[in-house]
Amino acid sequence: MSTLLSDIVSIPVDDPIAFTFFTGYMAMLASAVFFFMERSSVDGKWKLSLLVSGLITGIAAVHYYYMRDYYLATGQTPTALRYIDWTLTVPLMCVEFYLLTKAAGATVGLMWKLILAAVLMLVAGYIGEAFTDGSTSHSVIWGVISTVGYVYILYTAWFGEVAQLAKNSGDAVVVRGVKILAWFVLVGWAVYPIGYMCMPGGWLNTGLGWSSSNVDLFYNIADAINKIGFGLVVYSVAVSAKSSKA
Ligand SMILES: *C/C=C(C)/C=C/C=C(C)/C=C/C1=C(C)CCCC1(C)C
């Protein structure tokens with residue numbers, strides 16, 4: 001029994017991927033607790049935003065708990081768990097855009113368009129990654145379809161409806177918050193397609209020889225930055241908006 005236990009819980013010193021699974025799990029959990037607790041200290045109109053931040057990091061924490069064990073037990077990439085996590089959390093990140101601009105007139109229709117774009121991006125990405133035959137054409141076709149969803153969200157946040165609504169809100173705190181989130185989508189989210197292109201047959205794999213063993217490292221670091229970062233931006237909007245009123 002003790003042999004089995006030590007097999008499961010020890011992290012090899014030369015395995016940064018396992019390390020990031022553990023720290024990622026802990027960081028997501030701590031963030032979820034933080035956002036849930038802080039919910040009571042922000043102005044009423046921001047409570048739902050903080051709840052969503054707590055759900056994003058909380059859902060991720062549960063998935064990291066399982067992905068961490070899956071990785072340690074098998075040494076394999078937990079692709080299915082990863083995509084289940086993203087399919088729940090990325091639409092919620094889109095909901096944050098809606099909630100931030102709701103007071104300025106964001107419609108439920110806008111929210112659903114963003115959610116559908118996220119689902120398209122992730123379903124196509126999952127097909128590209130999970131059902132790969134190692135060929136470049138498979139990886140490219142599904143990667144391109146996925147990118148359509150990504151570009152739609154990117155465009156909406158930078159120039160489309162979300163950006164316009166933020167501007168119309170006339171609230172400098174909201175404008176700034178939406179702009180920072182748009183930067184997250186541009187820079188932070190770009191890490192995922194880079195990771196995707198490292199898998200066998202991907203452009204960075206065939207081109208630069210980057211291997212798929214790096215994929216989890218990319219995804220784990222990006223997840224922590226994006227999910228916790230998104231939540232903190234929303235939190236700072238909620239806090240500043242409150243103090244600007246007082
Ligand atoms: C918390 C998780 C987040 C923010 C995940 C975001 C994931 C992406 C932006 C993934 C994008 C992809 C492409 C644009 C093309 C290749 C396939 C994906 C799914 C990796």
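Whatever comes next refers back to the structure up there.
Residues numbered from 1 in each chain as written. Predicted model: local features only at pLDDT ≥ 70, side-chain atom pairs only at ≥ 80, totals over all residues. Heavy atoms only, no water.

1. Side note on the layout of surface pockets
Item 1. Approximately 450 Å³ is the volume found for the largest pocket.
Item 2. What lines the largest pocket is a set of 25 residues, among which Ser146, Thr147, Tyr192, Pro193 and Tyr196 lie closest to the centre.
Item 3. At the level of elements, α4 (79-101), α5 (108-130), α6 (136-158), α9 (191-196) and α11 (215-245) are the ones that each hand at least two residues to the lining of the largest pocket.
Item 4. Residue contributions to the lining of the largest pocket peak at seven residues, all from α6.
Item 5. Residue composition of the lining of the largest pocket, grouped by class: 16 nonpolar, seven polar and two charged.
Item 6. Considering only enclosed or pocket space, the second largest pocket measures out at about 200 Å³ in volume.
Item 7. At the level of elements, α3 (47-74) and α4 are the ones that each hand at least two residues to the lining of the second largest pocket. (1 Å grid on protein atoms, 1.4 Å probe; cavity = no way out; pocket = protein on both sides within 12 Å on 5 of 7 lines; lining within 4 Å. Points joined across faces, edges and corners; volume = space filled by probe spheres on them. Helix = DSSP H or I, 4+ residues; strand = E, 2+ residues; numbered from the N terminus. Nonpolar A, V, L, I, M, F, W, Y, C, P; charged D, E, K, R; others polar.)

2. Brief notes about the pattern of salt bridges
Item 1. What the rule picks out here adds up to five salt bridges.
Item 2. Asp69 is the partner of Arg68 in a salt bridge, and the nearest nitrogen-oxygen pair spans 3.3 Å.
Item 3. Arg68 gets classed as buried once you look at its relative accessible area, which sits at 12%. (Salt bridge = Lys/Arg side-chain N within 4 Å of Asp/Glu carboxyl O. Buried < 20%, exposed > 50% of the residue type's maximum accessible area, 1.4 Å probe, protein only.)

3. What to know about the nonpolar core
Item 1. In terms of nonpolar packing, the biggest core is built from 57 residues, with Trp46, Phe97, Ile153, Val185, Trp189 and Phe230 touching the most fellow members.
Item 2. Among the secondary structure elements, those contributing two or more residues to this core are α3, α4, α5, α6, α7 (161-169), α8 (172-188), α9 and α11.
Item 3. A total of eleven residues in this core trace back to one element, the largest contributor, which is α4.
Item 4. Core analysis: the second largest hydrophobic core is formed by twelve residues, Ile17, Ala18, Phe21 and Tyr71 among them. (Core = buried A, V, L, I, M, F, W, Y, C linked by side-chain atoms within 4.5 Å.)

4. Describing the site of the ligand
Item 1. Neighbouring the ligand are 16 residues, the closest being Trp86, Met121, Ser146, Tyr192 and Lys227.
Item 2. Using a 2 Å cut-off from the grid points, one finds that the ligand occupies the largest pocket.
Item 3. Looking at the shell around the ligand, the elements with two or more residues in it are α4, α5, α6, α9 and α11.
Item 4. Of the residues contributing to the shell around the ligand, the split by class is ten nonpolar, four polar and two charged. (Near = heavy atom within 4 Å. Sits in = over half its atoms within 2 Å of the grid points.)

5. Side note on the side chain of His63
Item 1. When you line up the elements, His63 lands in helix α3.
Item 2. Given the relative accessible area of 12%, His63 is considered buried.
Item 3. There is a polar contact of 2.8 Å between the side chain of His63 and the backbone oxygen of Ile59.
Item 4. Once residues lying within four places of it in the same chain are set aside, the contact partners of His63 are Leu81, Ile84, Asp85 and Leu88. (Polar contact = N/O pair within 3.5 Å; in protein donor to acceptor, adjacent residues only side chain to side chain. Contact = heavy atoms within 4.5 Å.)

6. Observations regarding the packing of aromatic side chains
Item 1. Here the structure, examined in full by the defined rule, presents 18 aromatic pairs.
Item 2. Where Phe34 meets Tyr235, the ring centres are 5.0 Å apart and the plane angle is 70 degrees; that geometry is what we call edge-to-face. Of this pair, Phe34 sits in helix α2 (residues 16-38) while Tyr235 sits in helix α11; the two residues are 201 residues apart in sequence, bridging distant segments of the chain.
Item 3. The partly exposed category is assigned to Phe34, whose relative accessible area is 33%.
Item 4. Ring centres of Tyr126 and Phe131 lie 5.8 Å apart, and the angle between their planes is 85 degrees; on these two criteria the pair is classed as edge-to-face.
Item 5. The ring centre of Phe22 lies 4.5 Å from the NZ or CZ of Arg68, which sits over that ring. (Phe/Tyr/Trp six-rings, centres within 6.5 Å; stacked < 30°, edge-to-face > 60°. Lys NZ or Arg CZ within 6 Å of the ring centre and 35° of its normal.)

From the geometry alone we can't say anything about function, so treat these as descriptive.
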